[in-house]
Amino acid sequence: STRGEVSWVSPIARTLLKARVGDVLNLVTPAGVDEIEVLQRVDADVWPGFEPADEGTLERFARLYDWHIAAENELVYPAAAQCLDAVAQAAMGEEMARRRGIR
């Protein structure tokens, strides 16, 4: 999302829900398993920022998030279109747009 939001039901959020700073986690994606490290905790919109040394990790996260958005667009929404009526599809599309900061 343009506001930096991640859905709490996304694979990365589910992986991070119980994680602690310093934990190394396996994030399962269709492309395989990716190892990620929890660098710091973010609470109540208080974020001290990252160090320049974290740039590679942030780039990796951005690629994972791009994959997540592509999966929603290319897999989830078309599959849902096969089994949801027009009203439910519109509601799902609105929710996706809201989470991405489009609406």
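Please refer to the structure higher up on the page.
Residues numbered from 1 in each chain as written. Predicted model: local features only at pLDDT ≥ 70, side-chain atom pairs only at ≥ 80, totals over all residues. Heavy atoms only, no water.

A closer look at the overall build of the protein
When helices and strands are counted, the protein shows 3 helices and 2 strands. For the protein, buried positions account for 23% of its 103 residues. Taking all contacts inside the protein whose residues are at least 6 apart in sequence as the whole, residues at least 24 apart take part in 37%. As presented, the protein carries roughly 7,500 Å² of accessible surface, and 57% of it is formed by carbon and sulfur atoms. (Helix = DSSP H or I, 4+ residues; strand = E, 2+ residues; numbered from the N terminus. Buried < 20%, exposed > 50% of the residue type's maximum accessible area, 1.4 Å probe, protein only. Contact = heavy atoms within 4.5 Å. Areas by Shrake-Rupley, 256 points an atom, 1.4 Å probe, with all protein chains shown as cover.)

Observations regarding the pattern of salt bridges
Under the defined criterion, the tally for this structure stands at 1 salt bridge. Two residues, D34 and R60, come together in a salt bridge whose shortest N-O distance is 3.3 Å. In this pair, D34 is assigned in strand β2 (residues 32-37) and R60 in helix α2 (residues 55-83), connecting sequence segments 26 residues apart. Judged by relative accessible area, which is 21%, D34 ranks as partly exposed. Residue classification places R60 among the partly exposed positions, given a relative accessible area of 29%. (Salt bridge = Lys/Arg side-chain N within 4 Å of Asp/Glu carboxyl O.)

Examining the packing of α2 against helix α3 (residues 86-99)
For the pair α2 and α3, interaxial distance at closest approach is 11 Å and the crossing angle is 170 degrees. By the angle between their directions, the pair α2 and α3 is classed as roughly antiparallel. In this structure, α2 uses H68, E72, Y77, A80 and A81 to contact α3, whose residues at the interface are Q89, M92, G93, M96 and R99. Counted by class, the contact of α2 with α3 contains 5 nonpolar, 3 polar and 2 charged residues. (Axes fitted to C-alpha atoms, helices over the stretch in contact; angles between N-to-C directions. Parallel < 35°, antiparallel > 145°, perpendicular 65-115°, else oblique. Nonpolar A, V, L, I, M, F, W, Y, C, P; charged D, E, K, R; others polar.)

Some details on empty space enclosed by the protein
Inspection of the entire model under this criterion finds 1 cavity of 30 Å³ or more. Each pocket or cavity is described by its volume, and for the largest cavity that value is around 80 Å³. As for the largest cavity, its lining consists of 10 residues, and the residues nearest its centre are I12, L27, L64, W67 and H68. Residue assignment for the lining of the largest cavity shows that the elements contributing at least two residues are α1 (11-16), β1 (24-29) and α2. Top element by residues in the lining of the largest cavity is α2. It accounts for 5 residues. Of the residues contributing to the lining of the largest cavity, the split by class is 8 nonpolar, 2 polar and no charged. (1 Å grid on protein atoms, 1.4 Å probe; cavity = no way out; pocket = protein on both sides within 12 Å on 5 of 7 lines; lining within 4 Å. Points joined across faces, edges and corners; volume = space filled by probe spheres on them.)

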